[in-house]
Each structure stands twice: as C-alpha cells, then as structure tokens.
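Structure assessment
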Amino acid sequence: MSEELMQQILSISFYGASLALILIGVYGVLTKKNLIKILLSLTIVDSGVNLLFVSLGYIMNGTAPIFSPAIMDGKIEVLKTAPMVDPVPQALVLTAIVIGLGVTAVGLALVIRLFRHHNTTNIDEIRNLKW
Amino acid sequence: MSVLTVLIVVLGAIFLVVGAWYVLTRKDLLVATIASSIISLILSVFFLILQAPDVALTEATVGVALTTIIFVVTIRNTKRMEE
Amino acid sequence: MKKIIIILLLAVIGYFLADIFFEIPFGEDSMVVSKEYLDKSPNDLHVANTVTSIVVNFRGFDTLGEVTVLFLASTAIGSILFRRRKVHTKLNPQRNAPHASRIVQISAKILFPLIVLLGAYVFIHGHLTPGGGFQGGVIIATGYLLLLVTYRKFSVSHSSLTWIEAIAGVTFAGIGVLGLILGKDFLENFLPVGTINNLFSGGIIGIIYVAVGFKVASELTGILDTMLSIKVDSEENEQN
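Figured I'd write up the structure that's included with this text. Computed from a predicted structure; not experimentally measured.

Here is what the cut-offs are and how they apply
Residues numbered from 1 in each chain as written. Chains lettered and ligands numbered in written order. Predicted model: local features only at pLDDT ≥ 70, side-chain atom pairs only at ≥ 80, totals over all residues. Heavy atoms only, no water. Axes fitted to C-alpha atoms, helices over the stretch in contact; angles between N-to-C directions. Helix = DSSP H or I, 4+ residues; strand = E, 2+ residues; numbered from the N terminus. Parallel < 35°, antiparallel > 145°, perpendicular 65-115°, else oblique. Left-handed = near helix turned anticlockwise from the far one by under 90°. Contact = heavy atoms within 4.5 Å. 1 Å grid on protein atoms, 1.4 Å probe; cavity = no way out; pocket = protein on both sides within 12 Å on 5 of 7 lines; lining within 4 Å. Points joined across faces, edges and corners; volume = space filled by probe spheres on them. Nonpolar A, V, L, I, M, F, W, Y, C, P; charged D, E, K, R; others polar. Buried area = accessible area lost by both parts, 1.4 Å probe. Salt bridge = Lys/Arg side-chain N within 4 Å of Asp/Glu carboxyl O.

Viewed as axis vectors pointing N to C, helix H3 (residues 87-118) of chain A and helix H3 (residues 50-58) of chain C meet at an angle of 60°, and their least axial separation amounts to 9 Å. The angle between the axes of H3 of chain A and H3 of chain C places the two elements in the oblique class. When you trace H3 of chain A past H3 of chain C, the crossing you get is right-handed. Across the interface between the two elements, Pro 87, Val 88, Gln 90, Ala 91 and Leu 94 of chain A of H3 of chain A pack against Thr 50, Val 51, Ile 54 and Val 55 of chain C of H3 of chain C.

All names here are of chain C. Estimates place the volume of the largest pocket at around 400 Å³. Lining the largest pocket are 22 residues; nearest its centre among them are Phe 71, Ser 74, Thr 75, Glu 165 and Glu 219. Within the residue set of the lining of the largest pocket, elements represented by two or more residues are helix H4 (60-80), helix H8 (158-181) and helix H9 (205-228). Within the lining of the largest pocket, the residues separate by chemical class into 8 nonpolar, 10 polar and 4 charged.

Moving on to the interface of chain B and chain A. Opposite the 43 residues of chain B that make contact, chain A presents 50 residues. Its largest share of buried area at the contact with chain A, chain B owes to Met 1, Leu 24 and Leu 50 of chain B, together 17% of the area lost on that side. For the pair chain B and chain A, the interface holds 1 salt bridge. A salt bridge links Glu 82 of chain B to Lys 37 of chain A; its shortest N-O distance comes to 2.9 Å. Those elements giving two or more residues to the side of chain B that touches chain A turn out to be helix H1 (3-25), helix H2 (29-49) and helix H3 (53-77) of chain B. Considering every element that reaches the side of chain B that touches chain A, the biggest residue donor is H3 of chain B, with 13 residues.

Structure, rendered in structure tokens:
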C-alpha cells in the first residue's frame with residue numbers, strides 16, 4: 001500500500017469517525033426522552049470532539065512529544081530523529097476529558113434528585129408535572 | 001504506520017460508529033452504559049495510534065472506569081429500563 | 001415529523017462540518033505555536049514530556065482553572081445529594097447491597113496498595129513519562145472505588161479529604177504567588193531546572209503535579225463516596 005493511499009484511508013477513518021460520533025450524539029440529545037440517555041449522548045459528542053482534536057495534531061510517521069536524551073561526547077543532548085506530533089491539542093484534550101467527567105457527574109446527580117421528586121426520568125412527564 | 005495499523009484504524013472506526021448507534025437504540029440503559037465504555041476503550045487505542053499516550057491514559061482511566069461507574073450508580077438509583 | 005426535521009438539520013450541519021474537516025490535510029505539519037514549545041521544553045525547562053510542560057508551565061493558569069472546576073463539581077454533587085444523606089446519617093449507606101464474595105474481598109485487599117502505588121508513580125514521573133497529576137489522581141480514585149464497592153462498611157472520611165484537597169490547592173496557588181514575589185510571572189518557573197530526564201528536573205513542574213495528583217484523587221474519591229452512599233429507599237425502589 002502506498003503512503004498516499006494510507007494517508008487518504010486514515011484521514012477518512014479518523015475524520016469520518018469523529019464526525020459520525022458528533023452527529024449521532026447530537027441526534028440523541030435532540031430526540032431521546034430519557035435523561036440518562038441524553039447524558040450518554042453528551043458523552044458521545046465529547047468523545048467525538050476529543051478524537052477530532054487529537055487527529056488534527058497528528059503528523060505522518062511522527063513520534064509522541066516525549067524527548068529521550070542521549071549522551072554524546074560526555075554531554076547530554078536531546079535526540080530528535082523523527083518529527084514530533086503537535087503537543088498543544090493533546091494538552092487541551094487532557095483538560096477537556098477531566099472537565100467532561102465533572103460535568104457528567106453533576107448532571108447525573110441532578111438526574112437522581114429529579115427522580116426523587118417526580119419518580120421518573122422521562123423529560124416529557126417531568127415537564128407535565130411541574131414542581 | 002504499517003498496513004496492520006491502517007486495518008485496525010478502519011475496523012475501529014466502524015466499531016465506533018456502530019457502537020454509538022447501539023448506545024442510542026438500546027432500551028436497557030445498563031447495556032447502553034457498558035457499550036459506551038467500550039467506545040471509550042476503542043478511543044483510547046485510537047489515541048495511542050495517534051501518538052498521544054497522555055490522552056490515551058486519561059481516556060482509559062476516566063472513560064472506561066469512572067464515567068461507567070457513575071452511570072451505573074445513577075441507574076441503580078433510578079429506573080433501569082427506558083420507556 | 002420532528003425526526004425528519006432533526007435529520008435534515010443534522011444533514012446540513014454534517015455537510016458543512018465535513019466540508020471544513022476534509023479541507024484540513026491529515027498528517028501534515030501545520031504547527032505554529034507548538035514549534036516554540038517543542039524547542040523550549042527540552043532546552044530551557046529541561047522537561048522530557050512536552051505535554052506536561054505545556055499543561056503545567058506554559059498553560060499553567062488553564063490548569064488552575066480546571067482544578068477549580070473539578071472542585072466546584074465535587075462541591076456541587078455534595079450539595080445536590082446532601083439532604084438524603086443527612087437524614088440517614090446513622091444508617092450504613094450500602095445496607096441493601098449484598099456482601100462481595102471472599103475472593104473479591106481478598107483480591108481487593110491485595111490489589112489496592114498496588115493500584116495506589118501505580119497512581120503515585122504516574123504522577124511523580126509526570127514530567128518524564130506519559131501521565132501526570134490527573135491520570136495519577138484518577139488511578140488512585142479507582143483504587144478507592146474498588147474498596148468502596150467491595151466492603152460494605154468501608155467509607156472515606158470526608159473531613160480528611162477536604163484537608164488534603166485544601167492543602168494541595170493552596171500549594172498550587174502558593175507556588176504561583178511565590179513566583180510573583182520572587183519577581184517572575186504567576187506560575188513561572190523559579191527553581192533550578194536540573195538535568196533532563198532526571199527525577200529532579202523541570203523546576204516547579206514536579207511539585208505542582210504532585211499537588212494536582214493529591215487534589216484530583218481526593219476530589220474524585222469524594223464524588224464516588226457521595227454517589228455510592230446514596231440510600232435507596234424501599235418505597236422509591238419498588239418499581240425497579
């Protein structure tokens with residue numbers, strides 16, 4: 001398989017998968033009635049965006065942005081043989097994943113509280129009941 | 001990148017899309033939660049292939065372990081089936 | 001009818017998003033700021049893992065905000081679920097849960113120290129190997145999760161968690177303010193940087209990541225303990 005074709009296939013796979021995850025997640029948020037299902041859809045959107053960010057920073061045949069030093073002529077030098085992938089999207093996604101966990105946890109705590117009040121997790125019924 | 005990696009990526013992308021659809025269509029919320037944790041697992045393999053080991057480690061611990069357990073606790077305290 | 005409208009809407013959004021995405025070439029070098037980071041991280045700061053140096057040093061303010069958001073999330077969960085816990089203070093939280101089997105109990109006892117050790121390794125070596133404060137903290141919280149789901153009687157003390165969290169947060173902010181006092185910027189490095197790939201290298205990065213590790217571990221353990229100790233009432237539990 002040639003390098004060009006490989007790059008095409010990888011591009012379609014990564015971008016297509018992240019696009020599909022985002023669209024499926026938004027579809028779930030808009031159509032589902034169950035609160036837990038809506039939060040699951042939100043985590044799917046989260047995953048899609050994270051995958052998109054990291055794949056934007058990738059460089060073909062690059063290595064992870066971690067340096068390995070080597071001793072040359074009694075002096076420590078940093079080896080740089082291959083190009084390194086972009087570290088900034090990785091740092092941003094690292095932040096986003098942990099924040100996503102916090103948001104999901106708060107949302108689920110609210111779901112538990114709503115269930116105690118209304119005894120249902122269906123948003124239509126909750127809307128009908130009022131407080 | 002070898003041919004095997006490309007094959008894994010294509011298969012993983014298909015699994016991701018099918019898994020996301022499965023999460024949305026299942027009526028049993030517990031099964032849907034487990035499916036979403038499998039999505040996270042595939043995603044962490046993807047991050048490793050994309051040379052992002054830090055992100056892969058975070059996704060593996062947060063997405064597979066903690067998010068799943070929080071959802072499971074919530075489902076235990078509410079209803080398991082979606083009507 | 002509603003579904004058709006939503007699918008049409010998503011088709012339009014998807015078309016334009018795809019149009020933008022596939023314009024961006026995959027796997028090509030398009031770095032602007034990162035070149036600076038990749039150059040400065042090993043040469044000026046002597047940090048092997050560039051992602052760590054970006055998270056803690058170049059974008060340290062961002063990380064302080066993130067830790068604050070996590071703290072707010074754990075506080076919010078505690079206050080949202082507070083009422084029911086106060087009513088049932090004297091009761092064992094997991095009264096309805098059956099005992100875990102003996103095999104699970106013994107293996108949890110054996111695995112717990114190893115998991116905590118792995119978490120500590122990950123956040124202490126954050127500037128040398130993949131990993132860091134967030135990952136290490138989450139791994140330690142997973143270890144506590146194992147104990148929480150295995151033993152009915154096990155529960156963590158929330159006051160000591162609050163203390164650990166407070167001390168770690170004050171350490172993080174205090175190091176930033178110390179930089180201001182010593183004539184540098186907020187969260188700028190003021191310690192000697194050492195040799196690359198040594199444990200004591202990178203100046204303040206190691207200290208901050210240890211603080212972040214403790215903070216994340218205590219916050220997530222608090223969240224898990226709060227959510228797992230919800231008492232399921234028998235009358236509310238009927239329809240399950």
